[in-house]
Amino acid sequence: MNEFVGGWWPVASQRRSPNFDERPAATCIDLIVIHAISLPPQEFGGTFINALFMNQLQASDHPGLADAVGLRVSTHFLIERGGEVVQYVPVTARAWHAGVSSFGGVSACNNRSLGIELEGADSCSFAPTQYAALNRLCTALCRAFPLVRLAQIVGHADIAPGRKTDPGPYFDWVGFRAALSGSLLLPGACGEG
């Protein structure tokens, strides 16, 4: 994990969420889950996403936040619309991002995954700066966790079908995977297998 110091990526801003715990013993990280988030829904910018992950969201902040108040959730990383990366949980710990989930016949995806939230929504495209930051982050993660393969970088919808739809139809999976494949320099990291 040469690009991570104590589980933290030096490239990212750090905000330490209280919403995490230890991974089960002998757990290997082999999955990256990409999400989309906007608070209030369909609105970008502001401080509400940070407040959610830090347990500081108040119902009085905005009428569109009522469903999110009181949730105890987190992510490892958030990529804001301008491409800024914020890290909330060290990669060595279990963030609370996936919820009820299953991938490859194995449930409880939080145990084995890293969560990346993109500031966005199912109804719009993501910014080029977000894709550039996502590529750089996933390249670093794949180098640190070589069990992650391209087919194991998935959307929230892939691990919780019928319950979640993000990152949604506007996420460019083909372009993202092509760019990521081209940027990886270490043999075996995020390979096709």
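Residues numbered from 1 in each chain as written. Predicted model: local features only at pLDDT ≥ 70, side-chain atom pairs only at ≥ 80, totals over all residues. Heavy atoms only, no water.

Because an α-helix packs 3.6 residues into every turn, residues spaced three or four apart end up facing the same way. In this model, helix α2 (residues 128-144) (17 residues) spans 24 Å end to end at C-alpha, consistent with the 24 Å of a helix rising 1.5 Å per residue. In terms of burial, α2 is largely enclosed, as 12 of its 17 residues are buried. Three or more residues of α2 are buried, namely Gln130, Tyr131, Ala133, Leu134, Asn135, Leu137, Cys138, Thr139, Ala140, Leu141, Cys142 and Ala144. (Helix = DSSP H or I, 4+ residues; strand = E, 2+ residues; numbered from the N terminus. Expected span 1.5 Å × (residues − 1). Buried < 20%, exposed > 50% of the residue type's maximum accessible area, 1.4 Å probe, protein only.)

Take the state of the cysteines next. Using the criterion set out here, one finds 0 disulfides in the structure. With no disulfide of its own, Cys109 has Cys28 as its nearest cysteine by sulfur position, at a separation of 15 Å. On the basis of relative accessible area, Cys109 is assigned to the buried category, the value being 0%. Its sulfur unpaired, Cys124 is 19 Å from the next cysteine sulfur, which belongs to Cys138. (Disulfide = S-S within 2.5 Å.)

Further remarks concern the sheet that holds strand β10 (residues 153-155). Pairing is mixed across the open sheet formed by 6 strands, whose spatial order is β1-β5-β4-β9-β3-β10. Each edge of the open sheet is held by one strand with a lone partner, namely β1 (13-14) and β10. Pairing of strand β4 (residues 77-79) with strand β9 (residues 113-119) involves 3 bridges; the strand directions are parallel. Note on β9: the bridge partner recorded for Phe77 is Ile116. Across the sheet, α2 is in contact with β3 (31-37), β4, β5 (85-87), β9 and β10; its angle to β9 comes to roughly 170 degrees. Across the face of the sheet, helix α4 (residues 173-183) comes into contact with β3 and β10 while running at roughly 160 degrees to β10. (Pairing = 2+ DSSP bridges. Contact = heavy atoms within 4.5 Å. Axes fitted to C-alpha atoms, helices over the stretch in contact; angles between N-to-C directions.)

Further remarks concern the nonpolar core. In this structure, Phe77, Ile116, Leu134, Leu141, Ile153, Phe171 and Phe176 are the most contacted members of the largest nonpolar core, which totals 33 residues. Looking at this core, the elements that each hand over two or more residues are β3, β4, β9, α2 and α4. The greatest single-element share of this core, amounting to 9 residues, is contributed by α2. In contact with Leu134, not counting residues within four places along its chain, are Ile34, Ile79, Ile116, Leu118, Phe171 and Phe176. Counting residues in each nonpolar core, the second largest holds 17 residues, with Leu39, Leu52, Leu65 and Ala95 among its members. (Core = buried A, V, L, I, M, F, W, Y, C linked by side-chain atoms within 4.5 Å.)

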